[in-house]
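# Coordinate analysis (summary)
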Amino acid sequence: MTVVMDGKALRDKLLEKLKLKLDKFEVKPTLVVVLVGDNPASKIYVNNKKKMADELGINSEIINYPADISEEILLDKINDLNNDDSVTAILVQLPLPKHINKFNVINAISPEKDVDGFTPKNLGFLFAGEEPYVYPCTPKGILLLLDEYHIDVEGKHVVIVGRSNIVGKPLSQMLLSKNATVTICHSHTKDLSDTTKTADILISAVGKKIIEENFIKQNCVVIDVGIFKDENGKTRGDVNFESVGPKTSFITPVPGGVGPMTIASLMLNTVELFEKTFAE
Ligand code: GUN
């Protein structure tokens, strides 16, 4: 029997607990989200983040720059935010326009305010097997979801499709530290389905329709990180849910699986940074 993993329900449960904690804080955390340009998907994500912060009583602000802003102005702004004691968490929404060096921008964020866990210092901790200030949101959300459904990764073969800095790479390290055997596949992997078929847990973070029924073994756990609009404007993920679902033991839907967990993790991280670094 297949269990459809409910990311919305777990998000609500975690955030209800977080709200009770926040209600007791005299001073609240402040999250600043920097958005460059007018990518429609990024705008929706950023607005959802602000809405969720508002609901919880976290102070939040969106700073929206036009797409042609210079890297220098952006770096100056991040420097100001680093030095502003009232700001406790900084997020620069990705992707950035091509003329801006993403690494320079992320590297400019103070690691103590790096709510994504993307700065070289925080990723360095992660890759050294040490605790970063916070863990990247999507990988953290996936591990929370696996935990909620008592899916132990120890000794399991986890195959990740996608090697991004946002999901694939940090997730691989977090799984390794939980004693999973991890394989990362990507666009140059030959005969992808030969590898995915060996997975006990398959995590796909590609952003296009790629995982079909013949890509998995019976009773595999399938986590779908992809989210995009198909040719008919319908929101869908990397996995063909209808054909793959019945063969799985657990599967995440799109929407309603990993997406809500990413936003829950961002709220958890905002409070964790505040507690670790700023709360008296
Ligand atoms: N773009 C897509 N996912 C993310 C994320 O988790 N953090 C940031 N900053 N940008 C993103």
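Higher on the page you've got the structure.
Along each chain, residues carry numbers from 1 onward, in the same order as the chain's sequence is written. Whole-chain, interface and lining totals are the exception, using all residues; otherwise, since this is a predicted model, local features are given only for residues with pLDDT of at least 70 and side-chain atom pairs are given and counted only at 80 or more. As a rule here, side-chain values come from all non-hydrogen atoms in the structure, and water together with hydrogens is ignored.

## Describing the site of the ligand
The ligand sits among L91, V92, Q93, L94, D116, F118 and I166. The term polar contact refers here to a pair of N or O atoms within 3.5 Å; inside protein, the definition further demands a hydrogen-donor-capable atom paired with an acceptor-capable atom, and it admits residues adjacent in sequence only when both atoms are side-chain atoms. With respect to the ligand, the backbone of V92 contributes an N or O atom lying 2.8 Å from a nitrogen atom. The contact in question runs from a nitrogen atom of the ligand to an N or O atom on the backbone of L94, over 2.9 Å. Note that accessible areas follow from Shrake-Rupley with a 1.4 Å probe, and for residues the cover is restricted to the protein chains shown. About the coverage of the ligand: the protein hides 84% of its 280 Å² of free accessible area. Neighbouring residues are identified by heavy atoms, a residue being near a molecule or strand if any of them is within 4 Å of it.

## Brief notes about the state of the cysteines
A covalent bond bridging the sulfur atoms of two cysteines is what the word disulfide describes. Counting rule for disulfides: a pair of cysteine sulfur atoms within 2.5 Å. Scanning all chains against the criterion turns up 0 disulfides. Take C185: it sits in no disulfide, and the sulfur closest to it among the cysteines is that of C220, at 12 Å.

## Concerning the pattern of salt bridges
Basic side-chain nitrogens of Lys or Arg form a salt bridge, by our definition, when they fall within 4 Å of a carboxyl oxygen of Asp or Glu. Under the counting rule described, the total for this entry stands at 9 salt bridges. For the salt bridge of E131 with K276, the shortest nitrogen-to-oxygen distance reads 3.9 Å. Of this pair, E131 sits in the loop between α5 (120-127) and α6 (137-148) while K276 is found in helix α10 (residues 258-278), placing the two residues 145 residues apart along the sequence. Under the relative-accessibility criterion, E131 is labelled exposed at 55%. Only protein chains enter the area calculation, which uses a 1.4 Å probe; residues under 20% of their type maximum are buried, those over 50% are exposed, and those in between are partly exposed. Residue K276 is classed as partly exposed on the basis of its relative accessible area of 46%. In this structure, K140 and E272 form a salt bridge, with 2.9 Å as the shortest nitrogen-oxygen distance. Taken together, the residues K140 in helix α6 and E272 in helix α10 connect sequence positions 132 residues apart. For K140, a relative accessible area of 10% corresponds to the buried category. Using a relative accessible area of 27% as the deciding quantity, one classes E272 as partly exposed. Strands are runs of DSSP state E lasting at least 2 residues, helices are runs of H or I lasting at least 4, and numbering of each runs from the N terminus.

## Some remarks on the side chain of D224
By the secondary structure assignment, D224 is in strand β8 (residues 220-224). Here the side chain of D224 touches G226 through a polar contact of 3.2 Å, landing on its backbone nitrogen. If we skip the residues at most four places from it in the chain, D224 touches S204, G237, D238, V239, T252, V254 and V258. By the convention used here, residues are in contact when the closest approach between their heavy atoms is within 4.5 Å.

## Thoughts on the nonpolar core
Joining through side-chain atoms within 4.5 Å is the link that ties buried Ala, Val, Leu, Ile, Met, Phe, Trp, Tyr and Cys residues into a set, and such a set is a nonpolar core. Formed by 52 residues in total, the largest nonpolar core has its most connected members in L31, L146, L175, I203, I223 and M267. Here the element with the most residues in this core is α10; it accounts for 10 residues. In this structure L146 touches M5, I151, V153, V221 and I223, once residues within four positions along its chain are discounted. One finds V32, V87, I90 and V92 within the second-largest nonpolar core, a separate group that totals 19 residues.

## Considerations on the sheet that holds β8
Reading across from one edge, β1-β11-β8-β7-β5-β6 is the order of the 6 strands in this open sheet, with parallel pairing throughout. Of all the strands in the sheet, just β1 (3-4) and β6 (181-185) have a single pairing partner and so form its edges. Note on pairing: two strands pair once DSSP finds at least 2 bridges between them.

## Section: the packing of α6 against helix α7 (residues 168-176)
The interhelical angle for the contact between α6 and α7, taken along N-to-C directions, is 40°, at an axis separation of 8 Å. The pairing of α6 with α7 is recorded here as oblique in orientation. Two packed elements cross with a definite hand, and for α6 against α7 that hand is right-handed. Listed contacts from α7 to P139, K140, I142 and L143 of α6 are P170, L171, M174 and L175. Each residue gets one label: Ala, Val, Leu, Ile, Met, Phe, Trp, Tyr, Cys and Pro are nonpolar, Asp, Glu, Lys and Arg are charged, and the others, such as Gly, are polar. Residues belonging to the contact of α6 with α7 are distributed by class as follows: 7 nonpolar, no polar and 1 charged. Orientation is described by lines fitted to C-alpha atoms, with helices fitted over the stretch in contact, and by angles between N-to-C directions that extend from 0 to 180 degrees. Geometric relationships in this document are graded by angle, where less than 35 degrees denotes roughly parallel, more than 145 denotes roughly antiparallel, 65 to 115 denotes roughly perpendicular, and other angles denote oblique. Here a crossing is taken to be left-handed if its near helix is turned anticlockwise relative to the far helix by less than a right angle, and right-handed if that turn runs clockwise.

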